[in-house]
Amino acid sequence: MSNTTIPQELIEKTISFHGHWCPGLAIGIRAAEWALKEMGRAPDEEIVAVVETDMCAVDAVQFLTGCTFGKGNLIHRDYGKNAFNFYRRQDGKAARLVVRQTAYGNRGEDMGKLYKKMLEQGLTKEEEEAWNEARAATSKRIMDSALTDLFEIKEPAGPVPKRARIMSSMVCESCGESVMESRVRHFGGKVLCIPCFEEMEKR
Ligand SMILES: [Zn+2]
Ligand SMILES: [Zn+2]
């Protein structure tokens, strides 16, 4: 029996936002469910999400919690970890949800093998069916699990990130495009944007 409190209709909207149904998205839905329950939704309360992965799950976190890159309250730290930090500015409530290794059940090894073969040689029809079946079963398992079986709740990885500041901009002396001041690089007495800086450095 599905254990989620997110209405089916909203789950379907999340799937169409992401483009497919997969175990990663299911994890993101459940992480967002925890955040909505414990902290509220971002437009009402000031919620900040710091995600340590850039995989499928983040789309669900973004869509359901209202934390988005554009508003500056969704921050990616490229650690390659299945972990999601949530902060509520109002009262400092914060937590880090780390996906338990057992969350995906016992199909992880099958899926890993099939995924590797899919990338390297492509799958036979039977293997494709096995792949779809394993993904569907794992996604279902995630939706059916209790949140405490999916996530370890830990202390957040650091203090709440500072609010997005309004930055003044500078003009890159190589390409002439305008750049946020905090992103300019200095090279050979010139102010450069990052791509131009990297181009200079290669020479
Ligand atoms: Zn996905
Ligand atoms: Zn430039």
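Residues numbered from 1 in each chain as written. Chains lettered and ligands numbered in written order. Predicted model: local features only at pLDDT ≥ 70, side-chain atom pairs only at ≥ 80, totals over all residues. Heavy atoms only, no water.

1. Some details on the coordination of the zinc ion (ligand 1)
Here is the rule we go by: Only N, O and S atoms count as donors, using a 2.8 Å cut-off from the metal and 3.2 Å for Na, K and Ca, and because water is excluded some sites may appear unfinished. All geometry calls rest on donor angles, where a four-donor set with angles between 85 and 135 degrees is tetrahedral, four- and six-donor sets with opposite donors more than 155 degrees apart and all others between 65 and 115 are square planar and octahedral, and all else is irregular.
Within the protein, the atoms that donate to the zinc ion (ligand 1) are H18 (NE2), H20 (NE2), C22 (SG) and C56 (SG), at distances of 2.1 to 2.3 Å. Coordination at the zinc ion (ligand 1) is tetrahedral: its four donor atoms span angles of 91 to 134° at the metal.

2. Let's talk about the pattern of salt bridges
Side-chain pairing between opposite charges can occur once the charged atoms of the two side chains come close. In plain terms, the rule: Put simply, a salt bridge is a Lys or Arg side-chain nitrogen that is within 4 Å of an Asp or Glu carboxyl oxygen. Exposure classes here rest on a 1.4 Å probe applied to the protein chains alone. A residue is buried below 20% of its type maximum, exposed above 50%, and partly exposed in between.
Overall, the coordinates contain 15 salt bridges when judged by the stated rule. For the salt bridge of E152 with K154, the shortest nitrogen-to-oxygen distance reads 4.0 Å. Judged by its relative accessible area of 33%, E152 falls in the partly exposed class. Among the residues examined, K154 registers a relative accessible area of 35% and is labelled partly exposed. Connected through shared salt-bridge partners, R107, D110 and E133 make up one network.

3. Thoughts on the coordination of the zinc ion (ligand 2)
Rules: A helix here means a DSSP run of H or I that spans at least four residues, while a strand means a run of E at least two residues long, and both kinds are numbered starting from the N terminus.
At 2.3 Å from the zinc ion (ligand 2) lie its protein donor atoms, namely C172 (SG), C175 (SG), C193 (SG) and C196 (SG). With four donor atoms in place around the zinc ion (ligand 2) and angles of 98 to 116° between them, the coordination shape is tetrahedral. Of note, the donors binding the zinc ion (ligand 2) are all from one chain and are spaced C-x2-C-x17-C-x2-C. Residue C172 is found in the loop between β6 (169-171) and β7 (178-180), and its partner C196 is found in helix α7 (residues 194-202); the two are separated by 24 residues along the sequence. Each member of the pair C172 and C196 is classed as buried.

4. Some points on the confidence of the model for the protein
Cut-off, in case you're wondering: Values of pLDDT, which run from 0 to 100, indicate the predictor's confidence residue by residue.
When the pLDDT values of the protein are averaged, the result is 92; 97% of them are 70 or greater. Predicted confidence in the protein is weakest over helix α4 (residues 108-120), with a mean pLDDT of 89, and strongest over strand β5 (residues 151-154), with 98.

5. Observations regarding helix α1 (residues 8-18)
Inclusion rule: What the arc measures is the spread of directions leading from the helix axis to the C-beta atoms. Whether two residues are in contact is decided by their heavy atoms: any pair within 4.5 Å suffices.
Listed in full, the buried residues belonging to α1 are I11, T14 and H18. Within α1, the buried residues cover an arc of 60° as seen down the axis, which keeps them to one side. Of the residues in α1, the exposed ones pointing more than 90 degrees away from the buried face are E9 and S16. Where α1 is buried, its residues meet α2 (23-39), α3 (57-65) and α5 (125-144). Just beyond α1, the residue with positive phi is G19, at close to 110°.

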